[in-house]
Amino acid sequence: MPMSSPHLSFNQSIIDEFRANAGKVGGPFEGGDLLLLTTTGARSATEHTVPLGFVRADGLLLVVGSAGGADRHPAWYHNLLARPMVRVEIGTEAFEAIAVPAEGARRDQLFEQIVRTAPGYGDYQARTTRILPVVALERSGPEPGEGPERVVDLAGKLREIHTWLRAQLRQVRAEADAHFADAGTGTGPDTGTGQGTGTGTGPGAGTGPRIGLGLQLRQHCLAFCQSLEFHHSSEDAHMFPGLARHYPHLRDVFDRLGEEHRTLARVQAELLTLLGGIGTADPRRFRAELDRMTRELHDHLDREEESLLPVLASIPLPPPPSPGTTSGTTG
């Protein structure tokens, strides 16, 4: 069942009940498919959690920016357009995801499936001329029971993060190649890379590039940059200073990696600028620039692993209890 409320206190009561009862809530939402979505504010950079109904269709986990049929997109939708990395809670499970809005004919197809499952969304759409966004929440890590063995030390955690970052770079390249393949020569304007949702009936619908690939590519690129920025900020603020205290002979290594982080911030900005112009880009020049930036990013990840993995392999996860603490109650 779709859910929307202008009252923050009401939303918070649903959130509290959800977390206290393994994802189950009562009242008007009892028995409905409900999740909690945590986004990061587009301007504030603070986290915001909202309860939302969800629908599964075509193997996708979907939410709709219905806002009860209001004429403006909900705040959480604007947040995920700026910062696609989100956190999802369903039942007792929580995981990171990339939020990717569907566009054009694909959006319309998914919305039809959603309405068949939850007709209330059709009622919301009838109340407004705004096209209700349909957003796929793509799990950013392995499914439960899949992926590498359990992480037992910081070296394994670093490998896990780097594996995900490398996979995102591959996805960005694959989606760029798909974009140019759909565009034919790739030298003309791209009618399918708009920033908003479309109806699939406007100019260019049914001809030229496949509508929807542009926003998908944008979201995955933003997700990569957002995750890399968070990863580097965490290393600079916490990991490197902590390691330097225990391994002073490696201080120069940590300083060098920190300098590389500042260089890569420039590369990230260049990558976003490059992808922002994909609609009119020359395919050969675009791919050459993307390959150059990808090599710089891969080289940094390789150097970081070469420098840090031997040290991080000796640091267990989770860390052992501090001396003097016990697992029982205190006081």
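Conventions we followed
- Residues numbered from 1 in each chain as written.
- Predicted model: local features only at pLDDT ≥ 70, side-chain atom pairs only at ≥ 80, totals over all residues.
- Heavy atoms only, no water.
- Helix = DSSP H or I, 4+ residues; strand = E, 2+ residues; numbered from the N terminus.
- Contact = heavy atoms within 4.5 Å.
- Areas by Shrake-Rupley, 256 points an atom, 1.4 Å probe, with all protein chains shown as cover.
- Core = buried A, V, L, I, M, F, W, Y, C linked by side-chain atoms within 4.5 Å.
- Buried < 20%, exposed > 50% of the residue type's maximum accessible area, 1.4 Å probe, protein only.
- Pairing = 2+ DSSP bridges.
- Phe/Tyr/Trp six-rings, centres within 6.5 Å; stacked < 30°, edge-to-face > 60°.
- Lys NZ or Arg CZ within 6 Å of the ring centre and 35° of its normal.
- Axes fitted to C-alpha atoms, helices over the stretch in contact; angles between N-to-C directions.
- Parallel < 35°, antiparallel > 145°, perpendicular 65-115°, else oblique.
- Nonpolar A, V, L, I, M, F, W, Y, C, P; charged D, E, K, R; others polar.
- Salt bridge = Lys/Arg side-chain N within 4 Å of Asp/Glu carboxyl O.
- pLDDT = per-residue confidence, 0-100.

Observations concerning the overall build of the protein chain
- Across its full length, the protein chain holds eight helices and seven strands.
- Residue pairs in contact within the protein chain that sit at least 24 positions apart in sequence constitute 72% of those at least 6 positions apart.
- As displayed, the protein chain has an accessible area near 17,200 Å², and 54% of this comes from carbon and sulfur atoms.

Focus: the nonpolar core
- With 27 residues, the main nonpolar core has Phe224, Leu271, Leu275, Phe286, Leu290 and Leu297 as its most contacted residues.
- Elements that contribute at least two residues to this core include exactly strand E6 (93-101), helix H5 (154-182), helix H6 (213-246), helix H7 (251-276) and helix H8 (283-312).
- Among residues more than four places away in sequence, those in contact with leucine 275 are Val172, Leu217, Cys221 and Phe286.
- In this structure, Leu61, Leu81, Val135 and Leu215 belong to the second largest nonpolar core, which totals 20 residues.

Overview of the pairing of strand E5 (residues 85-90)
- For E5, the buried fraction is high: five of the six residues fall into the buried class.
- For strand E1 (residues 34-40) and E5, the ladder comprises three bridges, and the chain directions are antiparallel. Bridging across to E5, threonine 38 finds its partner in arginine 87.
- Judged from the six bridges that link them, E5 and E6 form a sheet pairing that is antiparallel. Bridging across to E6, valine 86 finds its partner in alanine 97.
- Between the antiparallel neighbours E5 and E6 lie two residues, among them glycine 91 with a positive phi of about 60°.

As for the pairing of strand E2 (residues 47-53)
- Where E1 lies against E2, seven bridges are found, and the strand directions are antiparallel. Residue pairing in the sheet places leucine 36 in a bridge with proline 51 of E2.
- Hairpin connection between E1 and E2: a loop of six residues separates the two successive antiparallel strands, and alanine 45 in this loop has a positive phi of roughly 65°.

Focus on the packing of aromatic side chains
- All chains considered together, the criterion is met by four aromatic pairs.
- Arranged with centres 6.4 Å apart and planes meeting at 85°, the rings of tryptophan 76 and tyrosine 77 form a pair that is edge-to-face. As far as the burial class goes, tryptophan 76 and tyrosine 77 line up, both buried.
- Arranged with centres 6.4 Å apart and planes meeting at 75°, the rings of tyrosine 121 and tyrosine 124 form a pair that is edge-to-face. With tyrosine 121 and tyrosine 124 both in helix H4 (residues 120-126) and three residues apart, the pair spans about one turn of that helix.
- What makes tyrosine 124 buried here is its relative accessible area of 15%.
- The ring of phenylalanine 111 carries arginine 107 above its face, with NZ or CZ at 4.4 Å from the centroid.
- For the cation-ring pair, arginine 139 lies above phenylalanine 95, with the distance from its terminal atom to the ring centre recorded as 4.0 Å.

Digging into the sheet that holds E5
- In spatial order, the strands read E2-E1-E5-E6-E7-E4-E3; together these seven strands make up an open sheet with antiparallel pairing. Lying at the two open borders of the sheet, with one neighbouring strand each, are E2 and strand E3 (55-57). With direction set aside, neighbouring strand axes in the sheet form an average angle of 40°.
- Seen against the sheet, helix H2 (residues 75-82) touches E1, E2, strand E4 (60-64), E5, E6 and strand E7 (134-139) and runs at an angle of roughly 55° to E1.

A closer look at the packing of H5 against H8
- Two elements in contact, H5 and H8, have axes separated by 10 Å at closest approach and are oriented at 175°. With respect to H8, the axis of H5 lies roughly antiparallel.
- Considering only residue class, the contact of H5 with H8 consists of 16 nonpolar, three polar and nine charged.

Some points on the pattern of salt bridges
- Per the stated rule, a full pass over the model turns up 19 salt bridges.
- Two residues, aspartate 108 and arginine 107, come together in a salt bridge whose shortest N-O distance is 3.0 Å.
- Arginine 256 is the partner of glutamate 260 in a salt bridge, and the nearest nitrogen-oxygen pair spans 3.2 Å. Residue glutamate 260 and its partner arginine 256 are located together in helix H7, separated by four residues, close to a single helical turn.
- The class for glutamate 260 is buried, based on a relative accessible area of 14%.
- A network of salt bridges, in which partner residues are shared, links Arg266, Glu270, Glu289, Arg292 and Glu296.

Focus on unusual backbone geometry
- Although it is not a glycine, aspartate 58 adopts a positive phi angle of roughly 55°.
- The topology assignment puts aspartate 58 in the loop between E3 and E4.
- Assessed through its relative accessible area of 45%, aspartate 58 is described here as partly exposed.
- Backbone geometry places alanine 67, a non-glycine residue, at a positive phi of 50°.
- As for its placement among the helices and strands, alanine 67 is situated in the loop between E4 and H2.

Considering the confidence of the model for the protein chain
- Within the protein chain, residue pLDDT values average 82, and 82% of them lie at 70 or more.
- Taken together, the stretch residues 143-147 has pLDDT below 50 and engages in three contacts with residues farther than four places along the chain or on a different chain.

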